[in-house]
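# Coordinates in review
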Amino acid sequence: MRWWALAAVTLGTFMTYLDNNVGNVALPTIQRDLGLTISGLEWIVSSYILVFAGLMLAGGRLADVYGARRVFLGGLAVFTLASLAAGLATSGGMLIAARAVQGVGAALLTPTALALISQIFPDPAERGRAVGVWSMAGALSMALGPVVGGFISENLHWGWIYLVNVPIGVVTAGLALWAVRPAFERVRHNLDVPGLVTSAVALFALTYALIEGESAGWTSPEILAASGVFVLAAVAFVLAESRAAEPMVAVSLFRSRVFSGGLLTSGIWSFGVFGIYFFSALWLQNVLGFTPTQAGASFVPMALTMAVVALLSQRISAALGIGRTVALGMALMGAAIFLISRVGADGGFADVAPWFLLYGLGGGLLVPLTSAVLGGMPKARTGVASGVLNVSREVFGLLGITVLGAFLSSRQSGSDLPPLPAFLDAYQFTLVIAAVVVVAAIPIALYSLRDRAEPEEPQAAAPVTVGSSN
């Protein structure tokens, strides 16, 4: 029954990840059909990311208060219905609004998925294998997303990119209702409304500034205002949490070497991955001459390798230790990124594939990082700890796109070369920077994850209620 429950949790996660990957290839088709401007097209993507990142901490807290199963099912319902609305949208405004509501559902689904895995698999070894299976869903979505998106945009109405979520959502809901059992004990908390509001405002403002900064200008009034709101809300959040009787994010979490170091390592990984994945699609098409479908298919071997290694990563970490396993993964990814930067304009798939495979091998070895971060958390904190972990990945990922994009743009604009050689030169320069950043996580992983577990800071006992919490 536990593995059927894992199947439900993994399907829900796969649906949200696939939705994020499948749409990019179809954006030109959507633009033509709905008559959207470039700005409107960007907000189809940005509205989802903005709401998703802004509410993820809140989703984790709700899971801790009301039960992960209940919040997971609620998020699944919201995401499925919003996908139906997106697939049937007849205007840009309707589609952007539906995508924003999808972000609400994803913010409830993502942190509760990891919290449920921690509840369903209390044994560390089994939990590690379960996280490996769950992580495989993300890797497979990277493989299938661009290919599925290309097929739908070429052969079907673009709405099916979102409508495909509806049957998946219905099946997942039925499976979760049957296989995911309500928790027998729940540690009751209040919602911590000040923490919920200030964290959401801070994350909304930060995400907006990162998304719009490049186009609006980093010193424009709207970006400066968003940055100011972020700082004020972040300070208010810290003050609210330091005075709350039951804080949403306890400071004691960050005293854990595994938790803090794991967050930073995961964030550095996202910084490199998001930026490189985003710009590599442009490089494959604009410089190497791949079609959109060919470019999407180029990532398939990498993603499949990552998925297979993810399943084996628990055994590897048992032999090497979590710290060494994660450090090895970061080293392999850093090397792969650097070697990709050596591929010239006359390169083909045979020149790219070995380094993509090496990158997938390294990425799969990072799965024990998630298990280590969550494994040391008290049961009452798994929801919000999952939310913090996912927020760090999302924010660092946006930073990767923003910062690496600024390096690329600056290098390209200052070049005297023709446009395509200038882009290639800037892209290669940016890859070297990303490789250095990724490799910088190696000593952090070796230090923070050198032991399997560490004693947590003492925490005040919370009242426990016996009975169903979900």
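Conventions adopted
Residues numbered from 1 in each chain as written. Predicted model: local features only at pLDDT ≥ 70, side-chain atom pairs only at ≥ 80, totals over all residues. Heavy atoms only, no water. Helix = DSSP H or I, 4+ residues; strand = E, 2+ residues; numbered from the N terminus. Buried < 20%, exposed > 50% of the residue type's maximum accessible area, 1.4 Å probe, protein only. Contact = heavy atoms within 4.5 Å. Lys, Arg positive; Asp, Glu negative; His and termini not counted. Salt bridge = Lys/Arg side-chain N within 4 Å of Asp/Glu carboxyl O. Polar contact = N/O pair within 3.5 Å; in protein donor to acceptor, adjacent residues only side chain to side chain. Phe/Tyr/Trp six-rings, centres within 6.5 Å; stacked < 30°, edge-to-face > 60°. Lys NZ or Arg CZ within 6 Å of the ring centre and 35° of its normal. Core = buried A, V, L, I, M, F, W, Y, C linked by side-chain atoms within 4.5 Å. pLDDT = per-residue confidence, 0-100. Axes fitted to C-alpha atoms, helices over the stretch in contact; angles between N-to-C directions. Parallel < 35°, antiparallel > 145°, perpendicular 65-115°, else oblique. Left-handed = near helix turned anticlockwise from the far one by under 90°. Nonpolar A, V, L, I, M, F, W, Y, C, P; charged D, E, K, R; others polar.

### Some points on the environment of Ala139
Along the chain, Ala139 turns up in helix H6 (residues 124-155). Since its relative accessible area comes to 4%, Ala139 is described here as buried. In sequence terms Ala139 and Val352 are 213 residues apart; their C-alpha atoms lie 19 Å from each other. Sequence-distant contacts of Ala139, defined by excluding residues within four places in its chain, comprise Ala303, Met306 and Ala307.

### Quick notes on the environment of Gln31
Secondary-structure assignment places Gln31 in helix H2 (residues 27-34). Its relative accessible area of 23% is what places Gln31 among the partly exposed residues. In this structure, the C-alpha to C-alpha distance between Gln31 and Gly92, residues 61 residues apart in sequence, is 8.6 Å.

### Focus on the side chain of Arg69
With respect to the element layout, Arg69 can be found in helix H4 (residues 68-87). Despite its burial, Arg69 pairs with no opposite charge; the closest candidate is Asp64, at 15 Å N-O. Among the polar contacts made by the side chain of Arg69, one reaches the main-chain carbonyl oxygen of Val180 at a distance of 2.5 Å.

### Some words on the packing of aromatic side chains
Here a ring pair, both rings aromatic, is described through the centre-centre distance and the interplanar angle of the planes. A complete count under the given rule lists eight aromatic pairs for this structure. Each ring, one from Trp3 and one from Phe121, has its centre 4.8 Å from the other, and the planes form 55 degrees; the classification is tilted. Here Phe121 lies in the loop between helix H5 (92-120) and H6 and Trp3 lies in helix H1 (residues 2-22), a separation of 118 residues in the sequence. Given a relative accessible area of 40%, Trp3 falls into the partly exposed group. Members of the aromatic cluster, connected to one another through ring pairs, are Trp283, Phe423 and Tyr427. Here the guanidinium or amino end of Arg257 rests over the ring plane of Tyr447, the centre of that ring lying 5.9 Å away. It is Arg342 that lies over the ring of Phe338; its NZ or CZ is 5.2 Å from the centre.

### Some remarks on the nonpolar core
With 105 residues, the main nonpolar core has Trp283 and Met330 as its most contacted residues. The element that contributes the greatest number of residues to this core is helix H11 (residues 257-286), accounting for ten residues. Among all residues touching Trp283, those that are not within four sequence positions of it are Leu288, Ile340, Val343, Val352, Phe423, Leu424 and Tyr427. Core analysis: the second largest hydrophobic core is formed by 16 residues, Leu34, Ile44, Ala98 and Tyr162 among them.

### Comments concerning the confidence of the model for the protein chain
Taken over all residues, the pLDDT of the protein chain has a mean of 83, while the share at 70 or more is 90%. Within the model, pLDDT remains below 50 along residues 452-470, and this stretch shows 46 contacts once partners closer than five positions in the same chain are excluded.

### Describing the packing of helix H9 (residues 193-216) against helix H10 (residues 221-243)
Orientation of H9 relative to H10, taken along the N-to-C sense of each, is 155 degrees, at an axis distance of 8 Å. Between H9 and H10, the crossing angle belongs to the class labelled roughly antiparallel. Seen from above, H9 lies across H10 with left-handed handedness. Residues belonging to the contact of H9 with H10 are distributed by class as follows: 17 nonpolar, five polar and three charged.

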